[in-house]
Amino acid sequence: MALVPKEGGSMSYQVPILTSVNYPVWSVKVKSIMDAYGLWGTVEPRGLGEEPDEKKSKQALAFLFQAIPEDMVLQMASYTDPKQVWDGLKTRFLGVDRVRTARLATLRKELETMRMKEGEAVDDFVAKLNGIASKVRSLGYELEEVDLVKRLLNSMPKPFFQIVASIEQCFDLDSMFFDEAVGRLKAFEERLKGLGEKEEEQGQVLMAEHKYGESSGQGRGRGRSYGRGERGRGRGTGRGGDKSRFRCFDCGEFGHFGYECTKWKDTDEANLIQDEEPALL
């Protein structure tokens, strides 16, 4: 509801409504509006024995009744002097103001000590940060955009140190919007998730290869396939098993074990024939 413009003027003012938490701001606004309309003199200051103008006193009283909740209007309906209404409100909200100040100090401390945990989503942390900021604003303390941006960057865990340093070096934090800082952190978060998924896939591939090697006997048979006799037979191969991946210790070729190699026999027979030929001649 707007006030009726004063005579000769063209400006009207919106009447602020008193709530349980906005008394400090409300009192400043109401005082300035009443002073602009020449009504503040009905409240204070008054000279000794000075009586307020009756017409202005009624206007001030009507204005104050418009600026307070309906339940308070009923409680102060018996007051006929605007100063009585003003002093009654001041006395009532003095204790509330002290509680508000203490609550505000608690919230600001909580805001300064907030830290995002490793593994916590940026969106979840920003939601908690905005929740506390909203409570601070409801108590009459307005947080600047730059304060929220710096608070957000200072709350990041170790994996985000790289992007935080880049933002601080490449951008002017005093002119950066809070939503812009959140967007850059979320983009970096998605990149970290992509790297983590890639490493996890590589690990799963290596694990699968390791398990396949154990089940197929590569890890044990290969280490025992060199040499002669029983040591070269390996485990789980048998005489009729697949030997294509086993190398002979004697000749170095694949497909048989050392004790099965026949090349040394062929070599001995060839040498024997060469030794016998001169004797025959």
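This structure is a prediction, so every number in the text was calculated from the model and none was measured.

Participant: How should the pattern of salt bridges be read in this particular structure?
Facilitator: Oppositely charged side chains are able to pair whenever their charged atoms sit close together. Using the criterion set out here, one finds 7 salt bridges in the structure. One salt bridge connects Glu120 with Lys128, and the closest N-O pair in it is separated by 3.0 Å. Residue Lys128 is classed as partly exposed on the basis of its relative accessible area of 43%. Of the charged contacts in the structure, one is a salt bridge between Lys150 and Asp174, with a shortest N-O distance of 3.8 Å. Placement of Lys150 in helix H6 (residues 145-154) and of Asp174 in the loop between helix H7 (161-170) and helix H8 (178-216) is noted, with a sequence separation of 24 residues between them. The exposed category is assigned to Asp174, whose relative accessible area is 55%.

Participant: Explain helix H1 (residues 23-36) here, please?
Facilitator: Given 3.6 residues per turn, any residue in an α-helix points the same way as the ones three and four places further on. Compared with the 20 Å implied by 1.5 Å per residue over 14 residues, the 20 Å span of H1 between its first and last C-alpha is a close match. All of the buried residues in H1 are Tyr23, Trp26, Ser27, Val30, Ile33 and Met34. For H1, the buried positions fall inside an angular range of 140° around the axis, keeping them on one side. Among the exposed residues of H1, those pointing more than 90 degrees away from its buried face are Val28 and Asp35. Phi turns positive one or two residues past the end of H1, at Gly38, with a value near 75°.

Participant: Looking at this structure, how should I read the packing of H1 against helix H2 (residues 54-66)?
Facilitator: The angle between the axes and the distance between the axes are what describe a pair of packed helices. Closest axis-to-axis distance for the H1/H2 pair is 12 Å, and the angle between their directions is 150°. Classified by the angle their axes make, H1 and H2 are roughly antiparallel. Considering how the two elements wind past one another, H1 and H2 form a crossing that is right-handed. The residues of H2 that touch H1, namely those facing Val30, Ile33 and Met34, are Ala60, Phe63 and Leu64. Of the residues assigned to the contact of H1 with H2, the class counts are 6 nonpolar, no polar and no charged.

Participant: When you look at the side chain of Ser155 in this model, what are you seeing that I'm missing?
Facilitator: By the secondary structure assignment, Ser155 is in the loop between H6 and H7. Residues contacting Ser155, with those up to four places away along its chain left out, are Met114, Arg115, Met116 and Phe125.

Participant: When you look at the environment of Cys248 in this model, what are you seeing that I'm missing?
Facilitator: Of note, Cys248 is situated in the loop between helix H9 (218-221) and helix H10 (263-280). The class for Cys248 is buried, based on a relative accessible area of 2%. Measuring from C-alpha to C-alpha, the distance between Cys248 and Cys261 comes to 7.2 Å, with 13 residues separating the pair along the chain.

Participant: Looking at this structure, how should I read the confidence of the model for the chain?
Facilitator: Reading predicted coordinates in detail is not appropriate for stretches of low pLDDT. Scored by pLDDT, the chain has a mean of 75; 66% of the residues are at 70 or more. Taken as a whole, residues 216-239 scores under 50 in pLDDT and shows 36 contacts with residues more than four places along the chain or in a different chain.

Participant: Which parts of the structure should I look at to understand the packing of aromatic side chains?
Facilitator: Any pair of aromatic rings gets described here by the distance separating the centres and the angle formed by the planes. One pass over the structure, following the stated rule, counts 4 aromatic pairs. Taking the centre distance of 5.8 Å and the plane angle of 20° together, the rings of Trp26 and Trp86 count as stacked. With Trp26 in helix H1 and Trp86 in helix H4 (residues 82-113), this residue pair connects regions lying 60 residues apart in the sequence. What makes Trp26 buried here is its relative accessible area of 1%.

Participant: Looking at this structure, how should I read the packing of helix H5 (residues 122-138) against H6?
Facilitator: It is the contact of H5 with H6, at a shortest axis distance of 12 Å, that shows an interaxial angle of 145°. Crossing angle aside, the handedness with which H5 passes H6 is right-handed. Of the residues in H6, those in contact with Phe125, Val126, Leu129, Ala133 and Arg137 of H5 are Leu148, Arg151 and Leu152.

Participant: It is not clear to me how H7 should be interpreted in this structure. Could you clarify?
Facilitator: Taken together, the buried positions of H7 are Ile163, Val164 and Ile167. Angular distribution of buried residues about the axis of H7 spans 105°; they occupy a single face of the element. Opposite the buried face of H7, by more than 90 degrees, sit the exposed residues Gln162, Gln169 and Cys170.

Participant: Got a minute to help me understand the nonpolar core in this structure?
Facilitator: Side chains of a nonpolar character, in soluble globular proteins, are inclined to be buried together. Counting residues in hydrophobic clusters, the biggest one holds 30 residues, and the most contacted among them are Leu152, Met156, Phe160, Phe178 and Leu185. Those elements that provide at least two residues to this core are H4, H5, H6, H7 and H8. Residue contributions to this core peak at 7 residues, all from H5. If we skip the residues at most four places from it in the chain, Phe160 touches Met116, Val122, Leu185, Phe188, Glu189 and Leu192. Grouped together as the second largest cluster of nonpolar side chains are 23 residues, Leu18, Val43, Ala60 and Leu64 included.

Calculation criteria
Residues numbered from 1 in each chain as written. Predicted model: local features only at pLDDT ≥ 70, side-chain atom pairs only at ≥ 80, totals over all residues. Heavy atoms only, no water. Salt bridge = Lys/Arg side-chain N within 4 Å of Asp/Glu carboxyl O. Buried < 20%, exposed > 50% of the residue type's maximum accessible area, 1.4 Å probe, protein only. Helix = DSSP H or I, 4+ residues; strand = E, 2+ residues; numbered from the N terminus. Expected span 1.5 Å × (residues − 1). Arc of directions from axis to C-beta. Axes fitted to C-alpha atoms, helices over the stretch in contact; angles between N-to-C directions. Parallel < 35°, antiparallel > 145°, perpendicular 65-115°, else oblique. Left-handed = near helix turned anticlockwise from the far one by under 90°. Contact = heavy atoms within 4.5 Å. Nonpolar A, V, L, I, M, F, W, Y, C, P; charged D, E, K, R; others polar. pLDDT = per-residue confidence, 0-100. Phe/Tyr/Trp six-rings, centres within 6.5 Å; stacked < 30°, edge-to-face > 60°. Core = buried A, V, L, I, M, F, W, Y, C linked by side-chain atoms within 4.5 Å.

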